[in-house]
Amino acid sequence: MGFLTTHVLDTARGRPASGVLIELFRVDNGRRHLASATTNEDGRCEEPLLPEGAFHSGEYELVFHAGDYFAASGLSLPEPRFLDQVVIRFGVSDPDQHYHVPLLISPFSYSTYRGS
């Protein structure tokens, strides 16, 4: 069975983003909250967001609370923030695979990809 993981890298500072709140939603037939986690010192969650057995095909959203992370880090940003919550909607076609969806973030840009 597959599972879902993520990590967050602060590309403005060149280091892992520690303390980022991440929420996971399933978006098939409405939007249902499945899990929340906060990144550790390595920018990763301690556990998979969806472990083996809980991972199914369909559409999901990861919501990264990037604006709160940058504010807590002491970075002075204009209001309203250019990026606040970064939402990544993605599809799972094969729930037997490992899906890794990382976020590379700065106060004014972000990037993601399907990792391994």
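Student: Would you mind going over the side chain of H65 with me for this structure?
Tutor: Turning to its location among the elements, H65 is positioned in strand β6 (residues 58-65). For H65, the side chain forms a polar contact with the side chain of E23, separated by 2.8 Å. Filtering out sequence-adjacent residues up to four positions away, H65 remains in contact with V20, L21, E23, D84 and Q85.

Student: How should the sheet that holds β6 be read in this particular structure?
Tutor: To summarise the sheet geometry, strands pair through backbone hydrogen bonds and adopt either a parallel or an antiparallel arrangement. Judged by pairing direction, the sheet is antiparallel, and its four strands sit side by side in the order β5-β4-β6-β7 without closing on themselves. Here the strands that pair on one side only, and so sit at the sheet edges, are β5 (32-38) and β7 (85-92). Across the sheet, the mean angle from the axis of one strand to that of its neighbour is 20 degrees, orientation sign disregarded. As defined by bridge partners, β6 adjoins β7 across eight bridges and the pair is classed as antiparallel. In the sheet register, F64 faces β7, and the bridge partner there is V86.

Student: What is the right way to read the packing of aromatic side chains from this model?
Tutor: For any pair of aromatic rings, the description rests on two quantities: the centre-to-centre distance and the angle between the ring planes. With the rule as written, the count across this model stands at five aromatic pairs. Between Y60 and F90, the aromatic rings sit 5.9 Å apart at their centres with planes inclined by 20 degrees, giving stacked as the arrangement. One end of the pair, Y60, is in strand β6; the other, F90, is in strand β7, and 30 residues separate them in sequence. Here Y60 falls in the buried class, since its relative accessible area comes to 1%. Taking the ring centre of F25 as reference, the NZ or CZ of R31 above it sits at 3.7 Å. Of note, R114 hangs over the ring of Y99, and the distance from its end group to the ring centre comes to 3.7 Å.

Criteria and cut-off values
Residue numbering note: each chain is counted from 1, following its sequence as written. Note on the predicted model: pLDDT of at least 70 is required for a residue's local features to be given, and 80 or more for side-chain atom pairs to be given and counted; whole-chain, interface and lining totals, by contrast, use all residues. Each side-chain value is derived from all of the structure's non-hydrogen atoms; neither hydrogens nor water enter the calculation. In this text, helices come from DSSP runs of H or I with a minimum length of four residues, and strands from runs of E with a minimum of two, each type numbered from the N-terminal end. Between N or O atoms, a polar contact is any pair within 3.5 Å; within protein, one atom must be a potential hydrogen donor and the other a potential acceptor, and residues adjacent in sequence are included only when both atoms are from side chains. The criterion used for residue contact is that any of the two residues' heavy atoms lie within 4.5 Å. By this definition, two strands are paired if DSSP reports at least two bridges between them. Lines fitted to the C-alpha atoms define the axes, with helices restricted to the stretch that makes contact. Angles between their N-to-C directions range from 0 to 180 degrees. Ring pairs are drawn from Phe, Tyr and Trp, using the six-membered ring of Trp, whenever the two centres fall within 6.5 Å, and their geometry is named by plane angle: stacked under 30 degrees, edge-to-face over 60, tilted for the rest. Relative accessibility under 20% of the residue-type maximum defines a buried residue, over 50% an exposed one, and the middle range a partly exposed one, all with a 1.4 Å probe and only protein chains included. Throughout this description, the term charge over a ring refers to an Arg CZ or Lys NZ atom that lies within 6 Å of the ring centre and within 35 degrees of the ring normal.

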